[in-house]
Amino acid sequence: MTEKAAQIPVSVKNVTYTYPEQDAPAIRDVELDVKEGEYLVIMGPNGAGKTTLCLLLNGVIPSVLGGKMRGWAEVYGLDARRHHVYELAQYVGMVLQDPEAQLFTSNVRSEAAFAAENLGVPREEMIERIDWALEVVRLQDFADRAPTQLSGGQKQRLAIAAALVMRPSVMVLDEPTSQLDPIGAGEVFSVLHDLNQDVGITVVLTTHKSEHATRYADRIVVLDQGQIVAQGSPSEVFSEVELMDRIHVQVPAVTRVEWDLKEALGKDRFSVVLEDTQASLSGLLDKRGHTKQQAADHRPPPPTPPELDTPYIELKDVSFVYPGTDKKALDGVSLAVEKGEFVGIIGQNGAGKTTLVKHVIGLLKPTEGQVVVDGRDMVDETVERMAQWVGLVLQNPDEQLFAMSVAEEVAFGCTNLGLPEEEVAERVDHALEATGLEPFRDVYPFNLSFGDRRKLSVAAVVAMEPEVLIFDEPTTGQDHKGRRELADIGKRLNEMGRTVLMVTHDMDLIAEYTKRLIVMGEARVLMDGPTEEVFQQVEILAQTYISPPQVTQLALSLGEYGIPGNILLVDDLYQVLKSEVGV
Amino acid sequence: MNALTFLNLDTPIHRLNPLTKLFMLACLWTASFSSRNLGVMAIIVVYCMILWALARIPLAGMKILLGVVLFVGTLMVVIQGFFYIAGDTVVFTVFGKPFKAEGAVFGFTMMVKLLSIASTVPILTMTTAISPLMAALAALRMPYKLVFVFGTAMRLTPLVQEVYEDIHDAQRLRGHNIKEMGIIKKITEGYFPIFVPLLLCLLRKTSDMDVAIESRAFGAPVKRTYLDDVSLKGRDYAAMLITFVFAAGLLATSVYMGWGAGLIGWGGPLAD
């Protein structure tokens, strides 16, 4: 290996790549040098070329996937086009988005062994490598577990360990946390941080989560439509707020607050982490003569559930145990939702959120207690019948699409309800209009982008005109734009009088769209009340590994200057600071 | 849980080498195939049940397997009862067609034979993780790519089931009520919205899996090594010896008593 290769382990020069049977290139004229020991984060909207770039870095492109490649990619001095993936894999370890698709064996230890076995590593050395890798990802106590018994975060850490046994110098991870809850994502980022800092492994990671990117990255590269449009330190990149907005990359809330106050702060380069922004704003408030008040806790007590006269959905002391297990997935849950509400449901994975909403449509029946929807006891109702009153949009749109056109797909549910043809056509038109899919009505569903397929799955439910619409993790795998578009659909339907329940890990969406928030933890309802009051209960939220939105955390941290803690949106904080600071 | 699902326990049977278990299965199958005597096959079933108990295999896990054996066995009894050529002991007639005792006994014997064969399967599948089984098959000089396909198929089975159930639920949420459809409608309309997304989802998952496998140096042109130690221990030799003696004893008894192929029922009286 040359000295240059050791300093620049991965080098991409002027690469343009087109997938087989595609006309447009996925990446164009990309130039990228990854430095030894660097923590590089690649960001960009869906379809920007992030995954393509990752697959190029470990040689899967072009040697496995084929296609047309122009330019040159080098991994530790090896030409990616001329060397097989197994050669490059010893330098570059790869972790994919879907944890399920990359685990193939029956226990953690054999999963970690797979790559070393393929490389013919002697058994004694293999055992040493496995023990080391499992310790690094903190799974040493899970060595005999089946991968199916691991949580999402543990599965991704296992995928990292499975690559680490090859002793790579670079780890490439393609959206490894997009399907994880906050705690799972935190575990993965923390392990990667340790690998980078303590073991010296170069990390290349793609993500939509700007708050994590800014906390750990040395450098951020932003892709849009296959081209690099910005790169630099997190502060340099996110200071280009207008560019990020144009290409729909989420700017951290704290950066946006500083950007809004740029004249008062006299800055053109903005902070990207909470502590720095807090220091900037404290300095500004101090300078403008705002003295710190007595440290007093102005936070309201934990909210109590609203008392509703005419609940549309009611769960009365509901418990549920999945067959074959003895742990309660719901434990004495009682709550009520009225017509026309927009309710958020949050909590860590396994807290019982999805189990809860499945009871509302009858996919699951309570082991104990009672679920009543519109006066109907759900024990006596079938899912197929309830579908006309309650619509549930599941996480993965691809698990329901089968028709030859978008319009046919949307019509399917209405036809199942036995509606006359004219009414079906009318409802399809309305649903396509509500979801912005009208221009695609004759398109084959799988030719749509992932974001549009998600909208199609919503349209398919909207056309059935249910009274209640439930979104289960609408943000999974979605970029900033896609997440907002789906939430906007929910908002529009809510304004039209529909009841909307949204299960998500995206606190910014919850803050912006919901008026009421239910927090689940350990199969119980931990809190239920107005969103702004719930987000001030930091300690209770921590029980289910949730932090309030970054802007709320910032407001809470400025409480001693009299800034109220019930702020949920950047604009609200800006208005308060504007009146306080007089900008 | 079903009879193909690995139970992650630490029992004397779990600790046996997969090659030992394969040898035990081969012995028991030979004894079962070489005899049509109900007693011999019942003894094999009892032997398997002792092994189940040692392996702490719950009967609940056997429900599907036993259900299939019972269903197929009942069919055999009915079909053989009506269509068995030999014998003249008529038990009853249906539309003039006699149901013969000899046929029913023959069908019942086949059912117990099927049970004796099926009873051995969980002793391997429920006590052996896929990776040591793959290492054992590779030690038997099976081509690794074939072994890997076998292992991946074992891993994919529950995944396919999981995806199928998710898709089924997703379509029920759109009012697709396959349960209430007649058989023709089920075939022409019912399964289409389930099998199309199932196929597409599995294609995508296997494509991702392909990338993951390649990224972990699959197919590297080196002599593959294995984490699992497939060398035989004292307990393996003991288990093989016991099973071999047991199966050989049954085989010898069958041959000596004339209970081999061509005989039915209890061996002697009804066979003639």
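Since the structure is predicted, the reported quantities are computational estimates derived from the model, not experimental observations. What you see as residue numbers is a count from 1 along each chain, following the sequence as written. Throughout, the order in which chains and ligands are written sets their labels, letters from A for the former and numbers from 1 for the latter. For this predicted model, a pLDDT threshold of at least 70 governs which residues receive local features, and a threshold of 80 or more governs which side-chain atom pairs are given and counted, while totals over whole chains, interfaces and linings are taken from all residues.

**As for the overall build of chain B**
Phase 1 of the analysis: By the criteria applied, helices consist of DSSP H or I runs no shorter than four residues and strands consist of E runs no shorter than two, each listed in order from the N terminus. A count of helices and strands for chain B gives 10 helices and two strands.
Phase 2 of the analysis: Beginning at the N terminus, the succession of helices and strands in chain B can be written as α-α-α-α-β-β-α-α-α-α-α-α.
Phase 3 of the analysis: The C-alpha extent of chain B, read off along each of the three principal axes, is 65 × 60 × 30 Å.
Phase 4 of the analysis: Think of it as a crowd count around each C-beta: if 20 or more other C-beta atoms lie within 10 Å the residue is buried, if 12 or fewer it is exposed, and in between it is partly exposed, with C-beta placed from the backbone throughout. Sorting the 272 residues of chain B into buried and exposed places 36% on the buried side.
Phase 5 of the analysis: Contact criterion: two residues are in contact if their C-beta atoms, reconstructed from the backbone, are within 7 Å. If you take every contact in chain B between residues at least 6 apart in sequence, the share linking residues at least 24 apart comes to 77%.

**Some points on helix α8 (residues 182-199) of chain A**
All names here are of chain A.
Phase 1 of the analysis: The span one expects for a helix is its residue count, reduced by one, times 1.5 Å. Here α8 contains 18 residues, and its C-alpha end-to-end distance of 25 Å stays within 8% of the 26 Å for a straight helix at 1.5 Å per residue.
Phase 2 of the analysis: If you check which residues of α8 are buried, you get Pro182, Gly184, Ala185, Glu187, Val188, Phe189, Val191, Leu192, Leu195 and Asn196.
Phase 3 of the analysis: Residues of α8 that are buried in the fold lie against β3 (39-43), α6 (123-136), α7 (152-164), β7 (170-174), β8 (202-206) and α9 (210-216).
Phase 4 of the analysis: Note on α8: the residue one or two positions beyond its end, Gly200, has a positive phi of about 80 degrees.

**Side note on the pairing of strand β20 (residues 524-530) of chain A**
Residue and element names in this part refer to chain A.
Phase 1 of the analysis: Pairs of strands are assigned from DSSP output, requiring at least two bridges between the strands. Note that strand β19 (residues 516-521) and β20 share six bridges and pair antiparallel. From the neighbouring strand, Leu517 faces β20, where its bridge partner is Gly529.
Phase 2 of the analysis: Taking the residues between adjacent antiparallel strands as the criterion, β19 and β20 are bridged by two residues, where Glu522 takes a positive phi near 50 degrees.

**Digging into the interface of chain A and chain B**
Phase 1 of the analysis: Taken together, the contact between chain A and chain B spans 53 residues of the former and 44 residues of the latter.
Phase 2 of the analysis: Per element, the largest residue contribution to the side of chain A that touches chain B is seven residues, and it comes from helix α5 (residues 108-118) of chain A.
Phase 3 of the analysis: Any residue outside Ala, Val, Leu, Ile, Met, Phe, Trp, Tyr, Cys, Pro, Asp, Glu, Lys and Arg is labelled polar, Gly included; the first ten of those are nonpolar and the last four are charged. Among the residues forming the side of chain A that touches chain B, the class breakdown is 32 nonpolar, 12 polar and nine charged.

**Some words on the pairing of strand β2 (residues 97-100) of chain B**
All names here are of chain B.
Phase 1 of the analysis: When strand β1 (residues 90-94) meets β2, the two strands line up antiparallel, connected through four bridges. Bridging across to β2, Thr93 finds its partner in Pro98.
Phase 2 of the analysis: Linking β1 to β2, which pair antiparallel, is a turn of two residues; within it Phe95 sits at a positive phi near 45 degrees.

**As for the domain arrangement of chain B**
Phase 1 of the analysis: Marked domain ranges trace back to an automatic or database domain assignment. Assigned domains within chain B: domain 1 (12-133 + 230-271) and domain 2 (143-215).
Phase 2 of the analysis: Averaged C-alpha coordinates put domain 1 of chain B and domain 2 of chain B at centres separated by 33 Å.

**Some points on the sheet that holds strand β15 (residues 376-377) of chain A**
Residue and element names in this part refer to chain A.
Phase 1 of the analysis: Across the sheet, which stays open at both edges, the four strands sit in the order β12-β11-β14-β15 with antiparallel pairing between neighbours. For this open sheet the edge positions go to β12 (328-338) and β15, each flanked by a neighbour on one side alone.
Phase 2 of the analysis: Looking at chain direction, strand β11 (residues 311-321) and strand β14 (residues 368-373) are connected through five bridges and run antiparallel. For Ile313, the partnering residue across the bridge sits in β14 and is Val373.
Phase 3 of the analysis: Fitted lines through C-alpha atoms give the axes, limited to the stretch in contact for helices. The angle between two N-to-C directions lies from 0 to 180 degrees. Where helix α15 (residues 353-361) meets the sheet, its contacts fall on β11, β12 and β14, and the angle it forms with β11 comes to roughly 125 degrees.

**Concerning the packing of helix α17 (residues 406-416) of chain A against helix α19 (residues 450-462) of chain A**
Residues and elements named next belong to chain A.
Phase 1 of the analysis: Where α17 meets α19, the closest approach of the two axes is 7 Å, and the angle between their N-to-C directions is 40 degrees. Taken together, the axes of α17 and α19 lie oblique to each other. The two elements α17 and α19 meet at a crossing, and its hand is right-handed. On α19, the residues that touch Val406, Glu409, Val410, Phe412 and Gly413 of α17 are Leu456, Ala459, Ala460 and Val461.
Phase 2 of the analysis: Considered class by class, the residues forming the contact of α17 with α19 number seven nonpolar, one polar and one charged. An angle counts as roughly parallel when it lies under 35 degrees, as roughly antiparallel when it exceeds 145, as roughly perpendicular when it falls between 65 and 115, and as oblique in every other case. The sense of a crossing depends on the near helix, which, turned anticlockwise from the far helix by less than a right angle, makes the crossing left-handed and, turned clockwise, makes it right-handed.

**Here we look at the environment of Val85 of chain A**
Phase 1 of the analysis: Turning to its location among the elements, Val85 of chain A is positioned in helix α4 (residues 85-88).
Phase 2 of the analysis: Along the primary structure Val85 of chain A and Gly59 of chain A are separated by 26 residues, whereas in three dimensions their C-alpha atoms are 5.3 Å apart.
Phase 3 of the analysis: Aside from chain neighbours lying at most four places away, what touches Val85 of chain A is Asn58, Gly59, Val60, Ser63 and Val64 of chain A together with Glu214 and Ser215 of chain B.

**Some points on the sheet that holds β8 of chain A**
Residues and elements named next belong to chain A.
Phase 1 of the analysis: Pairing in this open sheet of six strands is mixed, and the strands run β6-β7-β8-β3-β9-β10 from one edge to the other. The open sheet has two edge strands with one neighbour each: β6 (92-95) and β10 (227-232). Strand-to-strand twist of the sheet, defined as the mean angle between neighbouring strand axes without regard to direction, takes the value 15 degrees.
Phase 2 of the analysis: One ladder, built from five bridges, connects strand β9 (residues 219-224) with β10; its direction is antiparallel. Within β10, the residue paired with Asp224 across the bridge is Gln227.
Phase 3 of the analysis: Against the sheet, helix α2 (residues 50-57) engages β3, β6, β7, β8 and β9, with an angle of about 150 degrees to β7.
Phase 4 of the analysis: Across the sheet, α7 is in contact with β6 and β7; its angle to β6 comes to roughly 160 degrees.

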